[in-house]
Structure formats: structure tokens, C-alpha cells
There are 2 protein chains.
Amino acid sequence: MKQLAPALLSALILLSSVMPAAGKDLPVPPTVSPALAAMMAKGLPSGWNEAPHTKEAWKDWIDAMTAMQCRNLPALREKLGVTMRSSVMANVPVFLLEPEAPEADRILLHFHGGGYVLGPGEAGTQEAVLMAGLGGFKVISVDYRMAPDFPYPAAIDDAMAVYRELLSSTPAENIGVFGTSTGGAMTLILALRARDEGLPLPAALAAGTPWAEMGKKGDSYFANEGVDNVLVSYDGWLAGAAELYAGEHDMDDPYLSPVNGDVKGFPPTLLTSGTRDLFLSNTVRMHLKLRQAGVPADLIVFEGLSHAQYHMDEDMPETRFHFEELGRFFRRHLGRSSAK
Amino acid sequence: MKQLAPALLSALILLSSVMPAAGKDLPVPPTVSPALAAMMAKGLPSGWNEAPHTKEAWKDWIDAMTAMQCRNLPALREKLGVTMRSSVMANVPVFLLEPEAPEADRILLHFHGGGYVLGPGEAGTQEAVLMAGLGGFKVISVDYRMAPDFPYPAAIDDAMAVYRELLSSTPAENIGVFGTSTGGAMTLILALRARDEGLPLPAALAAGTPWAEMGKKGDSYFANEGVDNVLVSYDGWLAGAAELYAGEHDMDDPYLSPVNGDVKGFPPTLLTSGTRDLFLSNTVRMHLKLRQAGVPADLIVFEGLSHAQYHMDEDMPETRFHFEELGRFFRRHLGRSSAK
């Protein structure tokens, strides 16, 4: 027994250091689509647990991810019958995504995800392409500035600039705003800032698994660590990205963590997450906060889904349902005061 | 190293046998109320992992649980200003719970939880007291027959008998139905059976963390094993109770697992769960199924909450919000075609 004690200790130390990293050994449930089951069976993405240590290393990593993200976009647009053109609004580059027969007059503003570091240029347009192609709306996807070169508030300043410019041509009741992860947070922060700056609010918001709490606060940051096979853990590149973007600013500031904002008077909001999502708590806390403020807020949680997996395979039934649901949601809430 | 190997193996075996049982070592997050934080910090309930092996042992365990469940009920009714009287409807014993100034004309039918084995008599009325006291409705709580003496379909037959009898005095548009866990499942099954038997459907349903899939199918049965500190695991008394009630019947039958039912035409339905709930998948799968059938279905997921903890402490802010939300929900949907 004397020999067992230190060995047991080693084993415990080994396990406790490996467990969260290696992922929890969970079966793939029979209660998801075959496409999602395949996604759930995938191993953890390489590099999830290392944040680059220098600005140059960040840029190299971002470049590699960007190349990967861009690879299938032309084929995806072609498949879904979506055209893309580049433009500039209020000095901010944007992409205009348009399906064959878009909703008339109504338009969606899109902010891509990526922790305020990933998804520059075309790389950030995938979700916008899906929304245009599967949801039937014209989409403006904003290529906002990001860290490490441009920390807070560059990204949200760009978002606001584009929104302001859009308001000069389109009434707020015809504008919906959406995005996932960081883009979901920006969707919510845009509404906070619009209210604070005396602008009319968009007619509806769809925040997919929003980064509503920038710091590591919330149950699913811990409970779904190693369960989520996309983000895996807060303590990888995500923590590094948060620091890069926030810089000296307090991460509890509602303009960084919108779950701390005053959401009274927000328009109808749809939130989406998954049972394995590292941001499940971010999503449900934001949802509850909205409902407690009397905002008509809807929540959808997909069985078995990790972070943002609803926009990673355009043929997956969960993806189809998600974007169709977003389409129904925006059709219901946009253009309500315009003549029909 | 030769000595380490078997020791390591022992440690691993020890850990793997202990891990799901002992609960996952998760911190209590700062993102819940102090009352919920205290509930989250509690150890696992004794006996969660042992199903009684004989009918007598089941009855002894049920009796012990019943005594515990009844202990605080008179004080709770007094505190919330709720009166209770016993009655019989269609040969089924019921309890009538009434707050001081209930909604006029409208009434809620309640089915308690407890795996079709727990909560006989007054022991099953706690949630109904909270709904009457905090939600402001008159509630009929049904003391349906249960296993081991009365397996399927006794419980749901009693539920249907009371609903049928209630319809003879109250129009369906003034009736809401609610319940938690097994009671949430019965709420959904009642609607399935009412439709199948040609009865008018209730005006609204609230299914709290429903036992929508009776067998161990669904992601959170595994992912939240040892995370949920109320049910802890399917493989304890719950699996035993499922077998007791289902008997020879196929657990996939929609009258046992309503997630397999055809829910087209269901009335507005509100579903509630928590991020740590063993029945999170049951809840979100049912919610998605309803939405895919075009039913106006709402979902609320509480941060950090294990199974059904929203009805265990009447002063907890999450509890207050839950029953107030249920009150708002039923006020919105009941009595819509009656004169105001």
C-alpha cells in the first residue's frame, strides 16, 4: 500500500491534467441527425488549447485559419444560389450577399464570429451565405476591424458606423441583426449602443450562442469543458483572444459582456445554443435576462450540439432548421409598420 | 515503471467506477442566486444509485420519501395563503389548491412528478401549492394511481378521467395543464390522448423538464450524469421506476415517451429545464419537436439548475420567476374565446 500511494497520486495528477483537455468520454447519442452524429464523433480541433504567444504568432495562426475558412465559400455560394459583392459603408468594408429571390425591402446586418480575431474578409461570410441561401434574406456582412491590430472598441465602432449608415437608407423596422458567438455578442452590444446613442433599434435580433460574458464566468464554461468539441475550453485561444481585444478595458463592461447590460426595450430576440455548447450558460443567461426585462425572447437549444455547429454543414438537418427558423423569425418581425 | 502500471490501472478502475457516482467536481458559479448556489453545493442525495429490489422494498422507500415530502407542506400553504381541500373526480382522488384571489373561471390541472412511483396523496401537491400561491391560479392536483401496484396505463388513465370530467364543467379554452418530470410527460401525453380520443385540447401546456424519453436515450442522460445533483443518473432508482411502470410495454410508445408522439395541433407549450438537468435533452428535444410541428413552443433553461430544482425552495428567485412566468403564460393563453 505504501507503493500504491505515490502511484495513485501520479495517476490522479495525470488524470486531472488530462481530463478536461482530452474531452469527456461521452457516447454519440442516437437522438441527433447522422450528419450531427458525425460531427460529434470528431476529435478535438488541433490547437484548441494553445494561444499564440506573440503578435506575429497570432497573425500566422489567423492566416492559417482564414485560408481554411475560405476554401469552400465559392462552392457554397454557388450551391445555394447566393451572389456576393464587396462594398464599403461608412469606410468599413462589407460583403453583400443576395439569394435569387430575397425578401423585398427588408435587410439583415451580419457580424461574424471568431473571438474578435478570426474571420477577416471573405472568411467571415459563411453564416451570411447560409442566411441568404437558406433563410431568403439580403445580408450585409460587416468586415469589422479586429485584434491584435485593432483592440476594443474598433470592432463595435465599425459595427455602429455601418448600422448608422444603413439607417440613412433603410428604416430600422426593416432591419434585422444577427451573428454567432462574437457576432452574437456584437448583435446584442449594437442594440445596447444604439439605445445609448439615441438611435432607433433594429426590429429584431438573432444572437447565436453569443459571447455574452467575456470572462470565464458561468456554469457551462466549466460543465461543458471537454464536452464541447469546437471551443473545448475557455482556457485555450479564447482566453488569449479576450485579452487581446479587451486590452485594458474591464471585461464586465456591457459593451464587452452584454449580459451585464440594461436590455429593457430590446426588440424581439432569438437565441440559439446546444446541449454541449461551452456558451450554453452565456446563451441561457442572456435569454433569461431579456425575459426578465419583458423582452419577447425566444430560446432554441439543439440536442448534442457544440458551439456554433449549426453553421458548419449546410446539408445538416439542424442547420436547415436553424436558418429556416431565423428566416421565419425575421419575416415575422421585420417591416411591421411598412405598407404591405 | 513496472510497479506503477498495475497501480495506475487500479487507480483508473477506481476512478472510472467512482466518477459518475461521485459527481463531477464542478465549481458553483457566481452567476446564480445565493439560494441556488447553496442548492448546487449540496452533496448527492442518499440512495440515488440504488433501486429497491422487491415490491416491499419499493414501498418502504416510497413511504420514507412520502413522509419527507409532506413535512413542510402545511407551513408552505400557510405561508403562501393557499387553501387545500380533498375531493374526488371520476373516482380519482384530487386536491383543490386555491390562492386568496385566484383567476376567475380559469383553472389548471396538475400532475406531480416522481417517476410514476413517488408523491402519493398530499406528498405530490408541492408544485401545485407554488403555482396557486405564486402564479395566482386555482389548481386541481391529481392523485393518480402509481407503480408498483398500478403499472401503465393506470396513471394516465386516471389523468384522462379527471380531464374528461373537468370538461363537463369547464370549457377546454379555460383549462391549462402543467407538471414537472413525470408530471411534465403526463401533461404532454394527456394532450396526445385527448387528440387521439377526439376530446378538445387544453388551451396551454407547461411541461417542466418532462420525462419525454422514458428509456436512456438522449445526450444529457450521459453528459449531465453526476452533474445533476438531484437525479444524478438514469441508472439508479429511475431505471427501476421506468421498468416498474412500463412493465411489458414498449418504452418508445408515445404514451410513455411523448417525444415520439405526433404533436401537430398542440396548444402553446412552455418547457423549462436547467443547464445541469439530467433531462435537459428530454426538454430541448421535445421543444424542437413542437416547433418543427409549428406549435408555438417556448423554452426556458435556468443557469446551473439541476432537475426540477425550481420547485424546491419557494423563496429562491429562480422559483419565483418560474411560477410568475407560468402565471403570465397561462393568463395569456387561457380564456381567449370566453367573454371578458
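Since the model is a prediction, treat every value here as computed from it, not as a measurement. (Residues numbered from 1 in each chain as written. Chains lettered and ligands numbered in written order. Predicted model: local features only at pLDDT ≥ 70, side-chain atom pairs only at ≥ 80, totals over all residues. Heavy atoms only, no water.)

Draft legend 1. Structural detail: the sheet that holds strand β3 (residues 107-111) of chain B. Residues and elements named next belong to chain B. Taking strand neighbours across the sheet as the criterion, the eight strands line up as β1-β2-β4-β3-β5-β6-β7-β8 in an open arrangement whose pairing is mixed. This sheet does not close on itself; its edge strands, each paired only once, are β1 (83-89) and β8 (297-302). Shown here is a sheet whose adjacent strand axes are inclined to one another by a mean of 20°, direction ignored. In the packing of helix α5 (residues 126-135) onto the sheet, contacts are made with β2 (92-98), β3, β4 (138-142) and β5 (175-180), and the angle to β5 comes to roughly 130°. Contacts from helix α10 (residues 280-292) reach β7 (269-274) and β8 within the one sheet, and its direction differs from that of β7 by about 155°. (Pairing = 2+ DSSP bridges. Helix = DSSP H or I, 4+ residues; strand = E, 2+ residues; numbered from the N terminus. Axes fitted to C-alpha atoms, helices over the stretch in contact; angles between N-to-C directions. Contact = heavy atoms within 4.5 Å.)

Draft legend 2. Expanded view of the pattern of salt bridges. Residue and element names in this part refer to chain A. Summed over the entire model, instances satisfying the criterion amount to 42 salt bridges over all chains. Salt-bridge contacts for Arg-164 lead to Glu-197; the nearest nitrogen and oxygen are separated by 3.0 Å. Note that Arg-164 is positioned in helix α6 (residues 154-167) and Glu-197 in the loop between α7 (182-196) and β6 (204-208), a separation of 33 residues in sequence. For Glu-197, a relative accessible area of 31% puts it in the partly exposed group. Connected through shared salt-bridge partners, Lys-79, Glu-314, Asp-315 and Arg-320 make up one network. (Salt bridge = Lys/Arg side-chain N within 4 Å of Asp/Glu carboxyl O. Buried < 20%, exposed > 50% of the residue type's maximum accessible area, 1.4 Å probe, protein only.)

Draft legend 3. Examining the packing of aromatic side chains more closely. Overall, the coordinates contain 24 aromatic pairs over all chains when judged by the stated rule. Consider the rings of B:Tyr152 and B:Tyr245, whose centres lie 5.9 Å apart with planes at 90°: the pair is edge-to-face. In this pair, B:Tyr152 is assigned in the loop between β4 and α6 (154-167) and B:Tyr245 in helix α9 (residues 237-246), connecting sequence segments 93 residues apart. B:Tyr245 shares its class with B:Tyr152; the two are buried. In this arrangement the basic side chain of A:Arg145 is found over the ring face of A:Phe150, its NZ or CZ atom lying 5.4 Å from the centre. One residue, B:Arg193, lies across the ring of B:Tyr255, its end atom 5.8 Å from the ring centre. (Phe/Tyr/Trp six-rings, centres within 6.5 Å; stacked < 30°, edge-to-face > 60°. Lys NZ or Arg CZ within 6 Å of the ring centre and 35° of its normal.)

Draft legend 4. Structural detail: the sheet that holds strand β8 (residues 297-302) of chain A. All names here are of chain A. Spatially, the eight strands line up as an open sheet ordered β1-β2-β4-β3-β5-β6-β7-β8, and their pairing is mixed. In the strand order of this sheet, the two ends are held by β1 (83-89) and β8, each with one partner. Across this sheet, the average inter-strand angle for adjacent strands is 20°, counted without regard to direction. The pairing of strand β3 (residues 107-111) with strand β4 (residues 138-142) spans five bridges and is parallel. Within β4, the residue paired with Leu-109 across the bridge is Ile-140. The sheet strands contacting helix α5 (residues 126-135) are β2 (92-98), β3, β4 and β5 (175-180), and the helix crosses β5 at an angle near 130°.

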